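Chain residues, written in single-letter form:
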Amino acid sequence: QVQLVESGGGSVQTGGSLRLSCAASGRTFSGYVMGWFRQAPGKGREFVAAIRSGGTTYYGDSVKGRFTISGDNAQNTVYLQMNSLNPDDTAVYYCAARSRPGIYSVRSPSTYDYWGQGTQVTVSS
């Protein structure tokens, strides 16, 4: 089993920045993809960003150019640096991880086997 614990959420004003962290513990895995999703009230889970173990990154259109995902393989930790935040970014942010090989889309929630509990990000105008 893998446990994912997010941290770093909070409240900021428009234009501010936050850095989310996701620490993976439990079974150590190699060859993985880790991602961030978010869910606003009344909306579905939206893909934000993902990173493969080799370092390839992916971003959702709404965050491209503002958010940066990075990973520390040694620490099994993934970060999401969020800049130029606006009220549309308000949501619960979830970290997710996949450790199985296969053919999959990093943008689909069904790709991931493990999920964190979520951390709230609130951006006020």
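Counting from 1, residues in each chain are numbered in the order their sequence is written. pLDDT decides what is reported in this predicted model: residues at 70 or higher carry local features, side-chain atom pairs at 80 or more are listed and counted, and totals for whole chains, interfaces and linings draw on all residues regardless. Remark: hydrogens and water are excluded; side-chain values derive from all non-hydrogen atoms of the structure.

A.B. asks: Is there a simple way to explain the environment of glycine 26 in this structure?
C.D. replies: Along the polypeptide, glycine 26 turns up in strand S3 (residues 18-26). The sequence separation of glycine 26 and glutamine 3 amounts to 23 residues, and the corresponding C-alpha distance is 6.0 Å. By definition in these notes, contact holds between two residues if any of their heavy atoms fall within 4.5 Å. Once you skip the residues sitting within four places of it in the chain, glycine 26 turns out to touch Gln1 and Gln3. In this text, helices come from DSSP runs of H or I with a minimum length of four residues, and strands from runs of E with a minimum of two, each type numbered from the N-terminal end.

A.B. asks: Mind showing me how you'd approach the sheet that holds strand S8 (residues 77-82) here?
C.D. replies: Sheet strands pair via backbone hydrogen bonds, and the direction of the pair is either parallel or antiparallel. Strand order in this open sheet of 4 strands is S1-S3-S8-S7, and the pairing throughout is antiparallel. Each having just a single partner strand, strand S1 (2-7) and strand S7 (67-72) make up the two edges of the open sheet. Mean inter-strand twist for the sheet, computed between neighbouring axes without regard to direction, equals 15°. Looking at chain direction, S3 and S8 are connected through 6 bridges and run antiparallel. Each bridged residue has a counterpart across the sheet, and for leucine 18 the counterpart in S8 is methionine 82. Between any two strands, pairing holds if DSSP finds at least two bridges. Structural elements are reduced to axes, namely lines fitted to C-alpha atoms, with helices fitted over the stretch in contact, and the angle between N-to-C directions of any two is expressed from 0 to 180 degrees.

A.B. asks: So what exactly am I meant to see when it comes to the pairing of strand S11 (residues 119-124) here?
C.D. replies: In regular strands, side chains alternate between the two faces of the sheet. Only protein chains enter the accessibility calculation, which uses a 1.4 Å probe; a residue whose area is less than 20% of its type maximum is buried, one above 50% is exposed, and one in between is partly exposed. The side-chain alternation of S11 yields one buried face, formed by Thr119, Val121 and Val123, and one unburied face, formed by Gln120, Thr122 and Ser124. Here strand S2 (residues 10-13) pairs with S11 via 4 bridges, running parallel. By the bridge assignment, valine 12 is partnered in S11 with valine 123. With 3 bridges joining them, strand S9 (residues 91-98) and S11 adopt antiparallel strand pairing. Residue alanine 91 lies in a different strand from S11, and its bridge partner there is valine 121.

A.B. asks: Would you explain the state of the cysteines in this entry?
C.D. replies: Any covalent bond linking the sulfur atoms of two cysteines counts as a disulfide. Two cysteine sulfur atoms form a disulfide, by the criterion used here, when they sit within 2.5 Å. One pass over the full model with this rule turns up 1 disulfide. Disulfide pairing places cysteine 22 opposite cysteine 95 at an S-S distance of 2.0 Å. Of note, the bridge from cysteine 22 to cysteine 95 carries an S-S torsion of about -80° and is left-handed in sense. Taken as a pair, cysteine 22 in strand S3 and cysteine 95 in strand S9 lie far apart in primary sequence, 73 residues in all. Just as cysteine 22 is buried, cysteine 95 falls in that class too.

A.B. asks: Honestly, the nonpolar core in this entry has me stumped. Any pointers?
C.D. replies: A general trend in soluble globular proteins is that nonpolar side chains are found buried together. Definition of nonpolar core: a set of buried residues of the types Ala, Val, Leu, Ile, Met, Phe, Trp, Tyr and Cys, connected through side-chain atoms within 4.5 Å. Core analysis: the biggest nonpolar cluster contains 28 residues, and Leu4, Met34, Trp36, Leu80, Met82 and Tyr93 have the highest contact counts within it. Counting residues per element, the ones that place at least two in this core are S1, S3, strand S4 (33-39), strand S5 (46-52), S7, S8, S9 and S11. Once residues lying within four places of it in the same chain are set aside, the contact partners of methionine 34 are Leu4, Cys22, Ala24, Ala49, Ala50, Ile51, Ile69, Val78, Cys95, Ala96, Ala97 and Tyr112. Listed in part, the 7 residues of the second largest apolar core include Phe37, Phe47, Ala50 and Ala96.

A.B. asks: Is there a simple way to think about the pattern of salt bridges in this case?
C.D. replies: Pairing between side chains becomes possible if they bear opposite charge and their charged atoms approach one another. Between Lys or Arg on one side and Asp or Glu on the other, a salt bridge is scored when a side-chain nitrogen of the former is within 4 Å of a carboxyl oxygen of the latter. All chains considered together, the criterion is met by 5 salt bridges. One salt bridge connects arginine 38 with aspartate 89, and the closest N-O pair in it is separated by 2.8 Å. Of this pair, arginine 38 sits in strand S4 while aspartate 89 is found in the loop between S8 and S9, placing the two residues 51 residues apart along the sequence. For arginine 38, a relative accessible area of 5% translates into the label buried. We classify aspartate 89 as buried; its relative accessible area is 1%. The residue aspartate 89 makes a salt bridge to arginine 66 at a minimum N-O spacing of 2.8 Å. Of this pair, aspartate 89 sits in the loop between S8 and S9 while arginine 66 sits in the loop between strand S6 (57-59) and S7, placing them 23 residues apart in sequence. Here the salt bridges share partners, and the residues they tie into one network are Arg38, Glu46, Arg66 and Asp89.

All quantities given are derived from atomic positions and should not be read as evidence of function.
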